[in-house]
Amino acid sequence: MSNLEDDPDELSCASGSPHGVQILTPREVPLGGPRAMHVRRTLPQRDRSLIGAWCFVDHYGPDDVTDRAGMSVAPHPHTGLQTVSWLFSGEIEHRDSAGNHAMVRPGEVNLMTAGRGISHSEVSTPATTELHGAQLWVALPDDDRDAEPGFAHHAPEPVTGDRWEARVFLGSLLGDTSPVPTYTPLLGAEILLQPGGSLDLEVDEAFEHGVLVDTGVVEVAGVEVKQHDLAYVPPGRTRLTLAAREQPARVLLLGGPPFGESIVMWWNFVGRTHEEIVAFRQEWQDQLTRDGRVVPDSQEMADGRFGIVVDDHLPPIPAPELPNARLKERR
């Protein structure tokens, strides 16, 4: 998914090590236009920008799209990150400039590696009547952020217990391990809790964790977390308990060791310096623009860093204007 804000924030990000569980509340962001789909963004924000290598958490739906366009995100660029798509309901068609064409379906993870540069589109299918899910980004470490673009898909089998069910889509948990490759240690899992159900998890004490509550109210390490909020849990725990109240609950559990690097994230790019972000934006614009016109099938795009999204009919999205101040890198 693209960050389609007209005036995207500059985000200079560095992992911290606060004490105790921190509750991050979302802000609503429209994905372009007055009839746009809206998402709830809990990461990044002023008080926290990274949880492990997770650097972006958008949560949307359930939205009735029977009589609306649903998700229609035209080709747009990425660098220096991996996108992780996870649906609870609906179906989204993914196409990218590396030639990958896949469907995003509930309970199946699609991970796209942007690396040195890729462009892609995401469009909900005509049969979709409800959209509900999460779009997540992972920052790539400095040694790997110029990797070749790639794509992986995995449909995890459910792991079940007394009043709980889990699907592990990245990393290892509850005796299950995802085969999807990542460049830093990561954890990603969907967990369902029946009313009054609880789950005591053995976790890596080197990891910091984020618990995004999709439905219900959940206690995370004894702290109440309301629907749509994201709870941050710092490293140092070997066990993490999740407990539902009187209603069923669904959460996404994210984790990883503190990233240990500063990043600059603006629009759809993750870089390290002001100059890098400016150059990425200019390369994208150079691929799109000829005599002031958007050129979706130009040779410039085919030869450029971001390529052409294969068999996509939508015109690519021009980059917004950069802010008037220098983009800052903070460590």
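Because the structure is a prediction, the values reported are computed rather than measured.

Conventions adopted
Residues numbered from 1 in each chain as written. Predicted model: local features only at pLDDT ≥ 70, side-chain atom pairs only at ≥ 80, totals over all residues. Heavy atoms only, no water. Salt bridge = Lys/Arg side-chain N within 4 Å of Asp/Glu carboxyl O. Buried < 20%, exposed > 50% of the residue type's maximum accessible area, 1.4 Å probe, protein only. Helix = DSSP H or I, 4+ residues; strand = E, 2+ residues; numbered from the N terminus. Pairing = 2+ DSSP bridges. Axes fitted to C-alpha atoms, helices over the stretch in contact; angles between N-to-C directions. Core = buried A, V, L, I, M, F, W, Y, C linked by side-chain atoms within 4.5 Å. Contact = heavy atoms within 4.5 Å. Polar contact = N/O pair within 3.5 Å; in protein donor to acceptor, adjacent residues only side chain to side chain. 1 Å grid on protein atoms, 1.4 Å probe; cavity = no way out; pocket = protein on both sides within 12 Å on 5 of 7 lines; lining within 4 Å. Points joined across faces, edges and corners; volume = space filled by probe spheres on them. Nonpolar A, V, L, I, M, F, W, Y, C, P; charged D, E, K, R; others polar. Expected span 1.5 Å × (residues − 1). Phe/Tyr/Trp six-rings, centres within 6.5 Å; stacked < 30°, edge-to-face > 60°. pLDDT = per-residue confidence, 0-100.

## So, the pattern of salt bridges
Inspection of the entire model under this criterion finds 15 salt bridges. R145 is the partner of D142 in a salt bridge, and the nearest nitrogen-oxygen pair spans 2.7 Å. In this structure R145 comes out as buried when scored by relative accessible area, which is 9%. Linking R239 and D200 is a salt bridge whose minimum nitrogen-to-oxygen distance equals 2.8 Å. In this pair, R239 sits in strand 24 (residues 239–244) while D200 sits in strand 19 (residues 198–202), placing the two residues 39 residues apart along the sequence. Residues joined by salt bridges that share partners form a network here, namely D142, R145 and E276.

## Side note on the sheet that holds strand 18 (residues 187–193)
Strand order in this open sheet of seven strands is 2-23-20-25-18-15-14, and the pairing throughout is antiparallel. Bordering the open sheet on either side are strand 2 (22–24) and strand 14 (159–161), each of which pairs with just one other strand. Put simply, the sheet's adjacent strands are angled 20° from each other on average, direction ignored. Bridge count for strand 18 against strand 25 (residues 249–256) is seven bridges, and the pairing is antiparallel. In the strand pairing of strand 25, A189 is matched with L253.

## Observations regarding the nonpolar core
Core analysis: the biggest nonpolar cluster contains 37 residues, and W54, C55, V84, F169 and L170 have the highest contact counts within it. Within the residue set of this core, elements represented by two or more residues are strand 5 (54–64), strand 7 (81–89), strand 10 (109–113), strand 12 (130–139), strand 15 (164–170), strand 23 (230–233), strand 25 and strand 26 (263–266). When residues of this core are assigned to their parent elements, the largest contribution, five residues, is made by strand 12. Beyond its immediate stretch of four places on either side in the chain, L170 contacts W54, V84, L111, S178, V180, T182, L186, L187 and G188.

## Focus: the sheet that holds strand 6 (residues 72–78)
Spatially, four strands are ordered 6-11-8-9 in an open sheet, and the strand pairing comes out antiparallel. The open sheet has two free edges, formed respectively by strand 6 and strand 9 (101–104), since each of these has just one partner strand. Neighbour-to-neighbour, the strand axes of the sheet open up by a mean angle of 20°, direction not taken into account.

## Quick word on the pairing of strand 11 (residues 118–124)
When you tally the buried positions in strand 11, you get six out of seven residues, the bulk of the element. As judged from the five bridges shared by strand 6 and strand 11, these two strands associate in the antiparallel manner. Pairing of V73 across the sheet is with E122, part of strand 11. Bridge count between strand 8 (residues 92–96) and strand 11: five bridges; the pairing is antiparallel. What sits directly across from H94, in strand 11, is E122.

## Regarding the side chain of Q285
Inspection of the secondary structure assignment puts Q285 in helix 1 (residues 274–288). In terms of polar contacts, Q285 uses its side chain to reach the backbone amide nitrogen of A319, at 2.8 Å. Ignoring sequence-local partners within four residues, the contact set of Q285 consists of P318 and A319.

## Side note on empty space enclosed by the protein
Considering all chains together, one arrives at three cavities of 30 Å³ or more under this definition. Its boundaries defined by the atoms lining it, the second largest cavity holds a volume of some 50 Å³. Taken together, T83, S85, H94, V104, N110, L111, M112, H120, E122, Q135 and F151 make up the lining of the second largest cavity. Only strand 7, strand 10 and strand 11 provide two or more residues apiece to the lining of the second largest cavity. Across the lining of the second largest cavity, the residue classes break down as four nonpolar, six polar and one charged.

## Side note on the pairing of strand 10
Of all five residues in strand 10, five are buried, a share of seventy percent or more. Burial along strand 10 is two-sided: V109, L111 and T113 and N110 and M112, pointing in opposite directions, are all buried. The pairing of strand 7 with strand 10 spans four bridges and is antiparallel. When the bridges of strand 10 are listed, Q82 appears paired with T113. In this sheet, strand 13 (residues 150–154) lies alongside strand 10 in antiparallel orientation, the contact comprising five bridges.

## What about helix 1?
If you check helix 1, its first and last C-alpha atoms are 22 Å apart, about what 15 residues at 1.5 Å a residue would give, namely 21 Å. Regarding helix 1, the residues found buried are H274, I277, F280, R281, W284, Q285, Q287 and L288.

## Looking at the packing of aromatic side chains
Across all of its chains, the model carries seven aromatic pairs by this definition. With 5.6 Å between their ring centres and 80° between their planes, W267 and F269 make a pair best called edge-to-face. For W267, a relative accessible area of 2% gives the class buried. Aromatic rings pair up to connect W266, W267, F269, F280, W284 and F306 into one cluster.

## Quick word on the confidence of the model for the protein
Residues of the protein with pLDDT of at least 70 account for 87%, and the chain-wide mean is 90. Considering only residues more than four positions removed or in separate chains, one finds that residues 11–19, a stretch of pLDDT under 50, has 33 contacts.

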